[in-house]
Amino acid sequence: MRIGIVSVFVDYHRRGRKNRYSLQPQIGPLLAGLLPRDIEIEIVNETSHDLDWKRDYDLLFISSLHSDMDRARQISHYYRRRGAVTVIGGAFASSYPELCEPWFDAVVVGDPEGAVPQAYADFCAGSLRKRYVSAPYTPTSTTTPRFDLFNGSRHHALCFEATRGCPFACDFCVLTGLGTRHEVRPIPLVIRDIVAGQQMLDPTMPWYKRRIVGFCDNNIGGNLSYLRALCDALERLRLQWYGAATFNVVANPDLVRAMSRSGCRALFVGLESFNPATLADMGKHQNLIHKMRSALDNCRRHGILIISGLLVSPLSDTPDDIRAIPANLARSGLDVPTFVAFESPIPGTPHFRRLGRETHPPAFMPNVLLRDLAGYTLAVRPRNSSVGEFVAAYRDVVREVFSAKRRLAKLVHDLPPLLAGGHWLPALVDIGDMATISADAVDDPRRSFVAGTDAPPPETVPLVDADFTCEAERNAVVEPWRVTDETGTLLAHWQHAKPVFAPRRRTASPVAIPLASNAA
């Protein structure tokens, strides 16, 4: 039996390029760890590697973001026509299982741990159901991911979750749409997975890469007492690690010192905006603009590189607010963000539902496609300017922010304190980011950056005439999903997403444990 696990990726800049240096999806090793070890499993992360269309699968698990669902449906159709059974999971499938069911043999709603083993057993018994609703997540019973199956160069092979979810309820966040929750795994299990992963990767990965651990948690600082205890445990392993956290974590000097001692060398933090009105509209109350400079400088002194992106809001920002971003970046000490994107209404989120209720006039742009909601296409009508003025300001700022001059200035600012402290990993990450980031997308003549008229993504699936029974089926598979009509009114079937997770009390603070002193 051959099982495939595919994380779908469509380049949001619509250039068709892979994103090999990003934090790659870790659902593949997680799912593989839930399956028997005596079967053939292939993991493909499309962020960095292509699918081999000549490969055959008996069972194919597919995970996709909402904006990549057109491609996910086409991949499913391709492999179903060639005899595979396909199962879709992830946030979009959990929010809109009814929309997914016609295109896949089964849909998993919720966490994979409480559904994937049963789906596999039913597949083997020939009794696969159309929908699996996961049992409640149990942090104490998680299995070790199959890090050894990670495909390719393995920049982030030893990467997994210590926690799941986030206690905050930001209006635009897909986690809020699914249901705000934050779960923590027992620290002994986290350490177990690090040591086991190092042992799995020992035959194929050099020692220095096995000393770098990534936490793909949505917010590793969602429980501050847990984070402190985790830092104490990691400090004994003499690792270097990276993750993502909310601003309140990096604004806490005691926590920054603890993270630095434990080996934290890079954190993604959602700063989002320098406009107080925009942060308030997002529900991003934990972000304090007046503390950004001191927090970022303190992290840099302690050898932690802060990586962050910015969102421009068509609801709150004016063109002047957008054009003020370069000066605000300099004042904040961030200098160059990882991205500048449009605040995008992700289907199923409170932000999406709120905008969908506005009908006189509609808040959405006309003819919005699902793929337009990836953050790099304007899908909401600007309230403080025309569409042309808003997009022009966005283009101008992206060109300036990611210019070679500003990227070099960021390195001049960042590298001396990092290297003075002997922190080579964040310095290398910073150099790599500044060497690969660019503003070329905004000068692409194919791009309008406006929903309904933007260039289509170049990624394709090699479907042929024999894959379709009629022209109607071809159109249903190939045509992109629409979200609004020609007036901007939200189509009815997008209004029925429901939360998946009920809020749960966070796990009590972990107890101290003895740890092995010599990780592999």
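Above this text you will find the structure in question.
Keep in mind it's a predicted model, so treat the numbers as computed, not measured. Every chain is numbered independently, its residues counted from 1 as its sequence is written. Local features in this predicted model are restricted to residues of pLDDT 70 or higher, and side-chain atom pairs are both shown and tallied only at a pLDDT of 80 or more, whereas totals for entire chains, interfaces and linings draw on every residue. Side-chain descriptors were evaluated using all non-hydrogen atoms of the structure, hydrogens and water having been removed beforehand.

Please provide a residue-by-residue account of the overall build of the chain, values included.
Runs of E in the DSSP output that reach at least two residues are strands. Runs of H or I that reach at least four are helices, and both are numbered from the N terminus. A count of helices and strands for the chain gives 20 helices and 15 strands. Throughout, radius of gyration means the C-alpha value; the globule benchmark is 2.2 Å times the number of residues raised to the power 0.38. For the chain, whose C-alpha radius of gyration is 23 Å, the value lies close to the compact-globule estimate of 24 Å for 520 residues. For the chain, the C-alpha atoms occupy an extent of roughly 65 × 60 × 40 Å along the three principal directions. Partly exposed residues are those whose accessible area sits between 20% and 50% of the maximum for their type, while under 20% is buried and over 50% is exposed, using a 1.4 Å probe and protein chains only. For the chain, the residues scored as buried account for 57% of the 520 residues in total. Note on contacts: a residue pair qualifies if any of its non-hydrogen atoms lie within 4.5 Å across the two residues. In the chain, the proportion of contacts linking residues at least 24 apart, taken out of those at least 6 apart, comes to 76%. Using a 1.4 Å probe, accessible areas were evaluated by the Shrake-Rupley method; residue-level cover was limited to the displayed protein chains. Taken as a whole, the chain presents about 20,900 Å² of accessible surface, with 56% of it coming from carbon and sulfur. Charge counting follows a simple rule: Lys and Arg are positive, Asp and Glu are negative, and His as well as the terminal groups are ignored. For charged residues, the charge sits on one atom: NZ in Lys, CZ in Arg, CG in Asp, CD in Glu. When the 59 basic and 55 acidic side-chain charges of the chain are each reduced to a single mean position, those positions are 5 Å apart.

Tell me about the sheet that holds strand β5 (residues 106–109), and name the residues and values.
The strands making up a sheet associate through hydrogen bonds between their backbones, and the pairing can be parallel or antiparallel. Judged by pairing direction, the sheet is parallel, and its 6 strands sit side by side in the order β2-β1-β3-β4-β5-β6 without closing on themselves. In this open sheet, the two strands that pair with only one neighbour each are β2 (40–45) and β6 (131–133). For this sheet the average axis-to-axis angle between neighbouring strands, irrespective of direction, equals 15°. The pairing of β5 with β6 spans 3 bridges and is parallel. Along β6, the bridge assignment pairs V108 with Y132. Running over the sheet, helix α2 (residues 69–80) touches β3 (59–63) and β4 (85–89) and is turned about 175° from β3. Any two strands between which DSSP finds at least two bridges are classified as paired. Axis definition: a line fit to C-alpha positions, over the contact stretch in the case of helices; interaxial angles, taken between N-to-C directions, run 0 to 180 degrees.

How would you explain the pairing of β5 if you had to name every residue and give the values?
Covered by surrounding structure in β5 are A106 and V108 together with V107 and V109, the residues of both alternating faces. In this structure, β4 lies alongside β5, joined through 2 bridges in parallel fashion. The residue of β5 that forms the bridge with V87 is A106. Note on handedness: a crossover is taken as right-handed if, strands pointing away from the viewer, the path from the first strand over the helix to the second is clockwise. Remark: the β5/helix α5 (residues 116–125)/β6 crossover connection has left-handed handedness.

Please provide a residue-by-residue account of the pairing of strand β12 (residues 264–269), values included.
A regular strand places its side chains so that they alternate between the two faces of the sheet. Burial analysis of β12 places 5 of its 6 residues in the buried class, which makes it a mostly covered element. For strand β11 (residues 240–245) and β12, the ladder comprises 5 bridges, and the chain directions are parallel. When the bridges of β12 are listed, A244 appears paired with F268.

Can you break down the nonpolar core residue by residue, with the values?
Working definition of a nonpolar core: buried Ala, Val, Leu, Ile, Met, Phe, Trp, Tyr and Cys residues. They are joined through side-chain atoms within 4.5 Å. In this structure, I194, F215, W241, M259, L267 and W494 are the most contacted members of the largest nonpolar core, which totals 122 residues. It is helix α17 (residues 387–401) that contributes the most residues to this core, 7 residues altogether. Other than its neighbours up to four places away in sequence, F215 contacts C159, F160, A162, V190, I194, I220, L234, W241, Y242, G243 and A244. Membership of the second largest hydrophobic core comes to 20 residues, among which are I5, A32, I43 and L59.

Before we move on, can you summarise the environment of P145 with the specific residues and values?
Counting through the fold element by element, P145 comes out in the loop between β6 and β7 (159–160). The spacing of P145 and L296 is 151 residues in sequence and 33 Å in space, taken between C-alpha atoms. Those residues in contact with P145 that sit more than four places away from it in its chain are P29, L30, F160, D193 and M200.

Please give an account of the packing of aromatic side chains that cites residues and values.
Geometry of aromatic contacts follows a simple scheme: Phe, Tyr and Trp rings, the Trp one being its six-membered ring, pair when their centres are within 6.5 Å, and the pair is stacked under 30 degrees between planes, edge-to-face over 60, tilted otherwise. Inspection of every chain in the model, using the stated rule, returns 20 aromatic pairs. Through successive ring pairs, a cluster of aromatic residues spans W53, Y57, Y78 and Y79. By definition, being over a ring means that NZ of Lys or CZ of Arg is both within 6 Å of the ring centre and within 35 degrees of the ring normal. Here the guanidinium or amino end of R73 rests over the ring plane of W103, the centre of that ring lying 4.9 Å away.

Can you lay out the sheet that holds strand β10 (residues 212–215) for me, pointing to particular residues and giving the numbers?
Within the open sheet, the 5 strands sit side by side as β7-β10-β11-β12-β13. Their pairing is parallel. With one partner strand each, in any of the chains shown, β7 and β13 (305–307) form the two edges of the open sheet. Bridge count between β12 and β13: 3 bridges; the pairing is parallel. Following the sheet pairing, A266 is matched in β13 by L305. Its contacts with the sheet place helix α11 (residues 253–262) against β11 and β12, and it is angled at close to 130° to β12.

Could you give an account of empty space enclosed by the protein, with specific residues and numbers?
As defined here, a cavity is a set of points on a 1 Å grid over the protein atoms alone where a 1.4 Å probe fits but cannot get out. A pocket is an open set with protein on both sides within 12 Å along at least five of seven lines, and residues line them when an atom is within 4 Å of a point. Grid points are joined across faces, edges and corners, and a volume is the space filled by probe spheres set on the points. A complete count under the given rule lists 2 cavities of 30 Å³ or more for this structure. In terms of lining residues, the largest cavity is bounded by L296, R300, I304, L305, I306, G333, L334, K410 and D414. Elements supplying a minimum of two residues to the lining of the largest cavity: α13 (292–301), β13 and α18 (404–420). Only Asp, Glu, Lys and Arg are considered charged, only Ala, Val, Leu, Ile, Met, Phe, Trp, Tyr, Cys and Pro nonpolar, and every remaining residue, Gly among them, polar. Here the residues of the lining of the largest cavity sort into 5 nonpolar, 1 polar and 3 charged.

Explain the packing of α2 against helix α20 (residues 471–478) residue by residue, including any values.
Where α2 contacts α20, the two axes come as close as 8 Å, and the packing angle between them is 135°. Here α20 runs oblique to α2, going by the angle between their axes. Between α2, through R73, Q74 and H77, and α20, the contact on the second element is made entirely by E473, A476, V477 and V478. Working definition: roughly parallel below 35 degrees, roughly antiparallel above 145 degrees, roughly perpendicular at 65 to 115 degrees, and oblique for all remaining angles.

Can you tell me about the pattern of salt bridges, naming the residues and giving the values?
Opposite charge on two side chains permits them to pair, given that their charged atoms come into close proximity. One speaks of a salt bridge when a side-chain nitrogen belonging to Lys or Arg is within 4 Å of a carboxyl oxygen belonging to Asp or Glu. In total, this model carries 41 salt bridges according to the counting rule given. The partner of R73 in a salt bridge is D70, and the shortest N-O contact between them spans 3.0 Å. Taken together, the residues span about one helical turn, with R73 and D70 both in helix α2 at a distance of 3 residues. Considered together, R73 and D70 belong to a single accessibility category, that of buried residues.

Can you lay out a nonpolar patch on the surface for me, pointing to particular residues and giving the numbers?
Where nonpolar side chains cluster on the molecular surface, the patch consists of W424, L428 and I431 and spans about 280 Å² of accessible area. Tracing the chain through its elements places L428 in helix α19 (residues 424–436). Two distance rules govern patches: like charges are joined within 9 Å, and nonpolar side chains (Val, Leu, Ile, Met, Phe, Trp, Tyr) within 5 Å, applied only to residues with over 30% relative accessible area and no salt bridge.

Tell me about the layout of surface pockets, and name the residues and values.
Taken as a whole, the second largest pocket holds about 350 Å³ of empty space. Among the elements that line the lining of the second largest pocket, the one with the most residues is α2, at 3 residues. Of the residues in the lining of the second largest pocket, the class split is 9 nonpolar, 3 polar and 8 charged.

Any chance you could break down unusual backbone geometry for me, citing the residues and the numbers?
Glycine aside, residues mostly have negative phi, and peptide bonds are mostly found in the trans state. With omega at -5°, the peptide bond leading from H360 into P361 counts as cis. Assignment of secondary structure puts P361 in the loop between α16 (350–356) and α17. Phi is positive for R238, which is not a glycine, with a value near 55°. The phi torsion at F449 lies on the positive side, around 60°, for a residue other than glycine. Positionally, F449 belongs in the loop between α19 and α20. Residue class for F449 comes out buried when judged on its relative accessible area of 2%.

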